[in-house]
Amino acid sequence: MSTDPIGVPTPGRVRPRRLRATPAVRRLVREVDVHPRQLVLPVFVREGLDEPRAIASMPGVVQHTLDSLRGAVAQAAAARLGGVMVFAVPQVRDAIGSRATAPEGILNRALTVAAQEAGDALVVQADLCLDEFTDHGHCGVLTPDGRVDNDATLARYAEMALAQAAAGAHLVGLSGMMDGQVAAVRDALDAAGYDEVAVLAYAAKYASAFYGPFRDAVESQLVGDRRTYQMDPANRREAAREVAIDIAEGADVVMVKPAMAYLDVLADVAATSSVPVAAYAVSGEYAMIEAAAAAGWIERERAIRESVLSIRRAGADHVLTYHATELAGWLAEEYR
């Protein structure tokens, strides 16, 4: 940049705008892309439904029947997604989440359906947590005075992992944030001969306000909060410690959750992790985009694309998003 005789800057050799001039140039120099294989679709299956049920706080997302789950998995495979993450809603809950480990329980039946439909086209991922199955809504077994019993919960997680592996899960997603959960599950899987089932650790999962619609989706029974085991939203360095522990215990993939409000944490983790890094664009992020788009305040497709791109740009190797199948369709048009 040079200046004219009175000191006003005039254009010179350096013009960054040259690399923004046309769509072709912008594509050529683009630093980060999103590909369908980097997207994972979370799906909900509810016991006792005759047809899919809409989730009011998540427009466009439903609680599936086992039959409609087949269709959703087939669509995900056709869209060439990376995988599906299966959550389930039982009709009966109890203090220890018994239906989570019952072979005929809705989650394990759903995993079998998903694995049969997906074949080798998708990674079928299982939510491994007790919160959907307990009558108190916490992610673990409670002590008599109402605290979450970390070590008693690990035993239940190990049982869940074996049930999910037997049902056909390719990967188990440990979302409960119990200390030692990765080691307990990895040891249980290996001892039972399921050494090829991968472990995804929700390593940096925060006690976030953005989970509200998800609790509608799973009909959560929670009263109170999960701040004694999920991370404080104020803490950034702590995430590095949690991730390091989970990798040392044998995690194959680590996750940051939520995604968009924690892009700084995601970038930190991605810069140092020795294993792939996932991030979850959670229900609140989805609901905000849908609500703003419905009100005409934002351009829906552009906002969806930009939100997922931001998560990829921060370093996520793959992204869990409720927009996955729809976004993959748009991306496929670009790649033709």
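Residues numbered from 1 in each chain as written. Predicted model: local features only at pLDDT ≥ 70, side-chain atom pairs only at ≥ 80, totals over all residues. Heavy atoms only, no water.

Colleague: What is the right way to read a positive patch on the surface from this model?
Modeller: Where like charges cluster on the molecular surface, the positive patch consists of R15, R17, R18 and R20. Assignment of secondary structure puts R20 in the loop between β2 (9-10) and α1 (23-29). Since its relative accessible area comes to 52%, R20 is described here as exposed. (Patch = residues over 30% accessible without salt bridge, like charges linked within 9 Å, V, L, I, M, F, W, Y side chains within 5 Å. Areas by Shrake-Rupley, 256 points an atom, 1.4 Å probe, with all protein chains shown as cover. Salt bridge = Lys/Arg side-chain N within 4 Å of Asp/Glu carboxyl O. Lys, Arg positive; Asp, Glu negative; His and termini not counted. Charge placed at Lys NZ, Arg CZ, Asp CG, Glu CD. Helix = DSSP H or I, 4+ residues; strand = E, 2+ residues; numbered from the N terminus. Buried < 20%, exposed > 50% of the residue type's maximum accessible area, 1.4 Å probe, protein only.)

Colleague: For this particular structure, what's the right way to read the packing of aromatic side chains?
Modeller: For any pair of aromatic rings, the description rests on two quantities: the centre-to-centre distance and the angle between the ring planes. Evaluation of the coordinates by the stated rule reveals 7 aromatic pairs. Their ring planes at 80 degrees and their centres at 5.2 Å tell us that F87 and F214 sit as a pair that is edge-to-face. Of this pair, F87 sits in strand β6 (residues 83-89) while F214 sits in helix α6 (residues 212-217), and the two are 127 residues apart along the sequence. With a relative accessible area of 11%, F214 lands in the buried category. (Phe/Tyr/Trp six-rings, centres within 6.5 Å; stacked < 30°, edge-to-face > 60°.)

Colleague: Is there a simple way to explain the environment of I311 in this structure?
Modeller: By the secondary structure assignment, I311 is in helix α10 (residues 300-314). A residue is classified by how much of its surface remains accessible, and I311, at 0% relative accessible area, is buried. Residues I311 and A278, spaced 33 residues apart in sequence, show a C-alpha to C-alpha distance of 9.4 Å. If we skip the residues at most four places from it in the chain, I311 touches A259, M260, L263, L266, A279, A281, E285, A316 and V319. (Contact = heavy atoms within 4.5 Å.)

Colleague: Even after reading the chapter, I still don't get the pairing of strand β7 (residues 123-128), so can you show me in this structure?
Modeller: Working note: regular strand, side chains alternate between the two faces of the sheet. In terms of burial, β7 is largely enclosed, as 5 of its 6 residues are buried. Strand direction decides the pairing type here: β6 and β7, joined by 4 bridges, are parallel. Residue V86 lies in a different strand from β7, and its bridge partner there is A126. As a crossover connection, the stretch from β6 through helix α3 (residues 106-118) into β7 is right-handed. Pairing of β7 with strand β8 (residues 171-174) involves 4 bridges; the strand directions are parallel. Across the sheet, the residue bridging to D127 is G173, located in β8. Crossover connection from β7 via helix α4 (residues 150-167) to parallel β8: handedness right-handed. (Pairing = 2+ DSSP bridges. Right-handed = clockwise from strand over helix to strand, strands pointing away.)

Colleague: Sorry, what's going on with α10 here?
Modeller: At 3.6 residues per turn, the α-helix brings residues three or four places apart onto the same side. A rise of 1.5 Å per residue sets the reference length of α10, with its 15 residues, at 21 Å; its end C-alpha atoms lie 21 Å apart and thus fit the reference within 8%. When we look at burial in α10, the residues that qualify are A303, I304, S307, V308, S310, I311, R312 and A314. Where the residues of α10 are buried, they touch β3 (39-46), α8 (263-272), β11 (277-280), α9 (283-294), β12 (318-320) and α11 (324-335). Immediately downstream of α10, the backbone of G315 shows phi near 130 degrees, a positive value. (Expected span 1.5 Å × (residues − 1).)

Colleague: How should I be thinking about the pattern of salt bridges in this particular structure?
Modeller: Pairing between side chains of opposite charge can happen when the charged atoms of each approach one another. A complete count under the given rule lists 17 salt bridges for this structure. The closest approach of N and O atoms between R227 and D225, which form a salt bridge, is 3.8 Å. Relative accessible area serves as the criterion here: at 64%, R227 is assigned to the exposed category. For R305, the salt bridge is made with E334, and the minimal N-O distance between the two is 2.4 Å. Separated by 29 residues along the polypeptide, R305 in helix α10 and E334 in helix α11 bring together distant segments of the chain.

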